[in-house]
Amino acid sequence: MSVQLVANVLIGIALVVFLGYRQATWQYLDPTRIWRTPLIMAVIGVVVLAQSKATVTTTDVVFLGIEALITIGVGLTMGRITRFRTVGTPDSKGRTLQSRTGALGAVLWIVLLAVRVGLDVLGGHLGAHLLTSTGTILLVLALNRAARAVVLDGRIPRGGRSTRGMMVR
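In this report, we go over the structure that sits alongside the text. (Residues numbered from 1 in each chain as written. Predicted model: local features only at pLDDT ≥ 70, side-chain atom pairs only at ≥ 80, totals over all residues. Heavy atoms only, no water.)

Describing the pattern of salt bridges
Working definition: two side chains of opposite charge can pair if their charged atoms are close together. Within the structure shown, the criterion is met by 3 salt bridges. Between E67 and R116 there is a salt bridge whose closest N-O contact spans 2.4 Å. A residue pair is termed long-range when its members are at least 10 positions apart, and E67 in helix α3 (residues 58-81) and R116 in helix α4 (residues 102-125) qualify at 49 residues. For E67, a relative accessible area of 2% translates into the label buried. One salt bridge in this structure joins D91 and R95, with 2.6 Å as the shortest N-O distance. This pair shows no difference in class: D91 is buried, exactly as R95 is. It is possible to trace a salt-bridge network through shared partners that takes in E67, R116 and D120. (Salt bridge = Lys/Arg side-chain N within 4 Å of Asp/Glu carboxyl O. Helix = DSSP H or I, 4+ residues; strand = E, 2+ residues; numbered from the N terminus. Buried < 20%, exposed > 50% of the residue type's maximum accessible area, 1.4 Å probe, protein only.)

See below:
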């Protein structure tokens, strides 16, 4: 087992556990923060890919396209199933709006991971080796988070509409 493979597995597991936990629990919502995570992951992913000097094949492009479509679809679904609530006591930053996707969001993370691993294995057998790079993994997760952010950004209860004590779907 190569060091890069072990690193990819550990990074992937850590991100899935972290993001799965955040999906399943109520988190204070900051509209700017929903864009920060995908931006950071995308920048790091691009930097890592640029340093890898990997050769991109047609098979890589096809599998990356399939994976991008699936991850965007899961991200859009996560954004749609997100629930909001307003709490009476603000946090240290004055925020009162919280969000979560619940158990379904955590299940979607598991599905996304299973699809990712399946495509990696199949793609590896067919010659698509770019799929297993850390940079690609980060870019795919950034796409998922960005798709979620697009939907959330349009659904966040704003200003004059009070959501105190009720769920907004």
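With respect to the packing of α3 against α4
Taken N-terminus to C-terminus, the directions of α3 and α4 make an angle of 180°; their axes are 10 Å apart at the nearest point. In terms of their interaxial angle, α3 and α4 are classed as roughly antiparallel. Seen from α3, the contacting residues are F63, I66, E67, I70, T71, V74, T77, M78 and I81; seen from α4, they are L104, G105, L108, W109, L112, V115, R116, L119, L122 and G123. Taken together, the residues that form the contact of α3 with α4 break down as 13 nonpolar, 4 polar and 2 charged. (Axes fitted to C-alpha atoms, helices over the stretch in contact; angles between N-to-C directions. Parallel < 35°, antiparallel > 145°, perpendicular 65-115°, else oblique. Contact = heavy atoms within 4.5 Å. Nonpolar A, V, L, I, M, F, W, Y, C, P; charged D, E, K, R; others polar.)

Structural notes on the pairing of strand β2 (residues 83-86)
With burial as the criterion, only one face of β2 is covered, namely that bearing F84 and T86; the residues R83 and R85 on the opposite face remain uncovered. Pairing of β2 with strand β3 (residues 97-100), which is carried by 4 bridges, proceeds in the antiparallel orientation. Each residue of the ladder has a partner; that of F84, found in β3, is S99. (Pairing = 2+ DSSP bridges.)

Side note on the sheet that holds strand β1 (residues 27-28)
Spatially, the 3 strands line up as an open sheet ordered β1-β3-β2, and their pairing is antiparallel. Both outer strands of the open sheet, β1 and β2, are each paired with one neighbouring strand and no more.

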